[in-house]
Amino acid sequence: MIRAGLAAALICTSASAADMPAPKSGLEYVSPETRALQADDFANPGMLWVSGGADLWRAATGTSGKSCQSCHGDAKQSMRGVAARYPLYEPKTKRPIDLQVRINQCRTERQGAKGLGFESEELLSLGAYVAHQSRGLPVKPPQDERLTPFIKNGEKLYFQRMGQIDISCAACHNAHAGQRLSGNLIPQAHPTGYPIYRLEWQSAGSLQRRLRGCMSAVRAEPFAYGAAEMVDLELYLMSRAAGLPIETPGVRP
Amino acid sequence: MAARIMVNAPASAAKGEVIEIKTMIAHKMETGHRMGTMGQIIPRDIIHRFECRYDGALVFAADLFPAVSANPFITFTTVATKSGKISFKWIDDKGKSSTSSVKIKVT
């Protein structure tokens, strides 16, 4: 956990986009042991979710009697690069849509199955399996003007102070990346490994769970899972991470 | 969802060779020491026993305790003696037993 007292010491620091060094994955801020865990597919616990997702991909379900595979074929081809470009603009809702919600949309609208809950084992597994197909590919946010206002809003939220501790994301992740906050090094907040396996959680979790953790740490009321603000933040974080390779499943402390 | 298990073992080996086997299973390993939101104890549910059999004979076993973290990763070595089946079994406090196996060719 991030300690409030230490966070308070950072409040006075101003932060701007200009403070941001060259983008570096959060993987570069973890211990050699954690890095080794991520690198070995037979030791990386996140692979349990990837392999569970592979099973779900092939399982027929819902009123359509179809599996993801019936429509999309081999995920290695059809899902390659998909995670690197999400969130995308969804004309139906006139808003960005992230990968988890897209997967749920396919389940409810096309497969005729029940939607999966945020942080459910099934949604995390499918999300990990789909995102894993982009491992090694650079984050490539879509050049889509319709997304601009939402990226701007995500950026605004990122630089806005929040919580009782009254501190912005940028005050930690831009101004103090690479410095210590209790036991951990502060990463640059690049969302390249999600869903990640977090040792503290003893489980895989989504980017939104990670963001909610940072918000609680500064004693802010976290945005709800699936909230528009969450998706805007995800979108902005992906735009900052352009060019970094997707790592799913990442391992973090 | 079905039990999620990962096993990594060589598909072939020379007779007498020491082979490394890596196993991992998804399990929450609930310690029995945590409390739920209403202050009640969450009952212990851990995998307490792991066994590996090579062609039916027990070659490796482990007793696990609440301090073992979730999704236990167990890696060990054994000697390749003959072609056959290497099987794995995990047993938890609810009596659920999960199994998996691999084939090995020994030349």
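Up top is the structure.
We now turn to the structure provided with this report. These numbers come from a predicted model, not from an experiment. (Residues numbered from 1 in each chain as written. Chains lettered and ligands numbered in written order. Predicted model: local features only at pLDDT ≥ 70, side-chain atom pairs only at ≥ 80, totals over all residues. Heavy atoms only, no water.)

### Describing the overall build of chain A
And then number 1: Within chain A, the regular secondary structure consists of 12 helices and 7 strands.
And then number 2: Compactness check: chain A gives a C-alpha radius of gyration of 18 Å against a globular reference of 18 Å for 253 residues, within 12% of the reference.
And then number 3: Buried positions account for 49% of the 253 residues belonging to chain A.
And then number 4: In chain A, once contacts between residues fewer than 6 apart in sequence are set aside, the share between residues at least 24 apart is 70%.
And then number 5: If you sum the accessible surface of chain A, you get close to 11500 Å²; carbon and sulfur atoms cover 54% of it. (Helix = DSSP H or I, 4+ residues; strand = E, 2+ residues; numbered from the N terminus. Rg over C-alpha atoms; globule rule 2.2 N^0.38 Å. Buried < 20%, exposed > 50% of the residue type's maximum accessible area, 1.4 Å probe, protein only. Contact = heavy atoms within 4.5 Å. Areas by Shrake-Rupley, 256 points an atom, 1.4 Å probe, with all protein chains shown as cover.)

### Details of the side chain of Asn-104 of chain A
And then number 1: When you line up the elements, Asn-104 of chain A lands in helix 7 (residues 99-111).
And then number 2: Residue Asn-104 of chain A is classed as buried on the basis of its relative accessible area of 15%.

### Considerations on the pairing of strand 8 (residues 97-106) of chain B
Residue and element names in this part refer to chain B.
And then number 1: Taken together, the 2 bridges between strand 2 (residues 12-13) and strand 8 define a ladder with parallel strand orientation. Following the sheet pairing, Ala-13 is matched in strand 8 by Val-106.
And then number 2: Both strand 7 (residues 84-92) and strand 8 contribute to a ladder of 8 bridges, which runs antiparallel. Directly across from Phe-88, in strand 8, lies its bridge partner Ser-100.
And then number 3: Joining the antiparallel neighbours strand 7 and strand 8 is a turn of 4 residues, in which Gly-95 adopts a positive phi near 85°. (Pairing = 2+ DSSP bridges.)

### Re the interface of chain A and chain B
And then number 1: Each side of the interface is counted separately: chain A has 17 residues, and chain B has 14 residues.
And then number 2: Together, the buried faces of chain A and chain B total about 1300 Å²; carbon and sulfur atoms form 61% of this surface.
And then number 3: It is Phe-42, Leu-48 and Gln-202 of chain A in chain A that bury the most area against chain B; as a group they hold 49% of the surface buried on that side.
And then number 4: Across the contact surface, chain A and chain B share 2 salt bridges.
And then number 5: Glu-121 of chain A is the salt-bridge partner of Arg-4 of chain B, the closest N and O atoms lying 3.6 Å from each other.
And then number 6: At the boundary of chain A with chain B, the tally comes to 3 residue pairs in polar contact (both at pLDDT 80 or more).
And then number 7: Among the elements that make up the side of chain A that touches chain B, the one with the highest residue count is helix 3 (residues 46-58) of chain A (6 residues). (Buried area = accessible area lost by both parts, 1.4 Å probe. Salt bridge = Lys/Arg side-chain N within 4 Å of Asp/Glu carboxyl O. Polar contact = N/O pair within 3.5 Å; in protein donor to acceptor, adjacent residues only side chain to side chain.)

### Digging into the pattern of salt bridges
And then number 1: Following the criterion strictly, the structure yields 19 salt bridges over all chains and no others.
And then number 2: Between Arg-146 of chain A and Asp-144 of chain A there is a salt bridge, with the nearest N and O atoms lying 3.0 Å from each other.
And then number 3: For Asp-55 of chain B, the salt bridge goes to Lys-82 of chain B, with nearest N and O atoms at 3.7 Å. Remark: Lys-82 of chain B occurs in the loop between strand 6 (73-79) and strand 7 and Asp-55 of chain B occurs in the loop between strand 4 (47-54) and strand 5 (57-63); sequence separation between them is 27 residues.
And then number 4: Judged by relative accessible area, Asp-55 of chain B falls into the partly exposed class, the value being 40%.
And then number 5: Connected through shared salt-bridge partners, Arg-49, Glu-51, Arg-53 and Asp-63 of chain B make up one network.

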